[in-house]
Amino acid sequence: MTIQDLKRTANQLRRDIIEIAYKANGPSHPAPALSCCDIVTALYYEIMNVRPKEPNWPDRDRLILSKGHACPVVYSALARKGFFPVEDLMTIRHTGSHLQGHPDMKKTPGIDMTSGSLGNGLSLGEGMALYAKRNRKKYQVFVILGDGELQEGVVWEAAISSGALKLDNLIAVVDYNHLQSCGSVEEILPMEPLRNKWEDFGWNVLAINGHNMEEIVSALQVAVNYSGRPTVIIAHTVKGKGVSFMEHDNSWHQRIPSDAQYIKAMCELEAEAKCL
Ligand SMILES: Cc1ncc(C[n+]2csc(CCOP(=O)(O)OP(=O)(O)O)c2C)c(N)n1
């Protein structure tokens, strides 16, 4: 895909996120999903080797959305890619739907790991990457983490051991939007200096603007081709990115838009789509 096509796809995914937030059975997490939307788009539409008609293909690249509450963006990416019908998106959180409020690998085609309990994704990804190394499999494992999520101790156990094991088929992306559910990461429990922490544990560290599609794609390509160490991409992002009144406003961490808010958000995204 061209960068322009990727930007158009990200805009479509953003519109799905807002549609889901408005129509889901209960509050979903629009701002966390908008925050990592460009990263998820680049992964599914440019970087990852997957087969929508064969979701359990053994050699596929894996994605673990460790900040599982942001799942509307992954559901939208999977549906638009053909893993399941787009109409299913509006059944999210409804009884009997295969789309739950957090990702469930046993229910949704294309979901590689169940998540939602923060902190677990990197160690699960490490296990998948280690299995691939030991069995001469070529697939890559991608893990998307929240910056607040980094406060979970198990993240750092996995960072230490993956670095020591030199798992260069493991790529972590930190969605660094400076907010967690109850406020600012810096005020609640600061995680800086982030780069030094990962480097000290043996990781290759890249830093990018997590909404610049060129930067995202090129950093992911560097990471995929990097040998000898796992890579972490520190992606500077904005929570709620793409909808003016959701950006930097943490009340949109988990919330249902009103009729007027829904219309305003969709108008903004449709206006953006016309310029792409
Ligand atoms: C183990 C665990 N504790 C608490 C929660 C509740 N929770 C859901 S989202 C969230 C904040 C996550 O913040 P961050 O990782 O920065 O993600 P983002 O701000 O991008 O949504 C919390 C504490 C959870 N899902 N899992």
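Refer to the structure presented above.
This report concerns the structure included in the present document. Here the structure is a predicted model, which means the values were calculated and not measured. (Residues numbered from 1 in each chain as written. Predicted model: local features only at pLDDT ≥ 70, side-chain atom pairs only at ≥ 80, totals over all residues.)

### Observations concerning the overall build of the protein
Step number 1: A tally of helices and strands in the protein yields 10 helices and 7 strands.
Step number 2: A globule of 276 residues ought to have a C-alpha radius of gyration of about 19 Å, and the protein, at 17 Å, matches this closely.
Step number 3: Projected onto its principal axes, the C-alpha positions of the protein cover 50 × 45 × 35 Å.
Step number 4: Per-residue burial over the protein gives 48% buried out of 276 residues.
Step number 5: Nonlocal contacts in the protein, meaning residues at least 24 apart in sequence, comprise 75% of its contacts between residues at least 6 apart. (Helix = DSSP H or I, 4+ residues; strand = E, 2+ residues; numbered from the N terminus. Rg over C-alpha atoms; globule rule 2.2 N^0.38 Å. Buried ≥ 20, exposed ≤ 12 C-beta atoms within 10 Å, placed from the backbone. Contact = placed C-beta atoms within 7 Å.)

### Comments concerning the environment of Asp259
Step number 1: With respect to the element layout, Asp259 can be found in helix H10 (residues 259–275).
Step number 2: The exposed category is assigned to Asp259, around which 8 C-beta atoms lie within 10 Å.
Step number 3: Remark: the alpha-carbon pair of Asp259 and Tyr22, spanning 237 residues in sequence, is separated by 8.0 Å.

### What about the site of the ligand?
Step number 1: Close contacts around the ligand come from 19 residues, with Pro32, Gly146, Gly148, Glu149 and Gln180 the closest.
Step number 2: If you list the elements that add at least two residues to the shell around the ligand, you get helix H2 (30–35) and strand E4 (179–180). (Near = placed C-beta within 6 Å.)

### Some points on the sheet that holds strand E2 (residues 141–146)
Step number 1: If you trace the 5 strands from one edge of the open sheet to the other, you get E1-E2-E3-E7-E6, paired in parallel fashion. In the strand order of this sheet, the two ends are held by strand E1 (62–65) and strand E6 (204–209), each with one partner. Averaged over all neighbouring strand pairs, the angle between strand axes comes to 20 degrees, with direction disregarded.
Step number 2: Pairing geometry for E2 and strand E3 (residues 170–176), over 6 bridges, is parallel. What sits directly across from Val141, in E3, is Leu170. (Pairing = 2+ DSSP bridges. Axes fitted to C-alpha atoms, helices over the stretch in contact; angles between N-to-C directions.)

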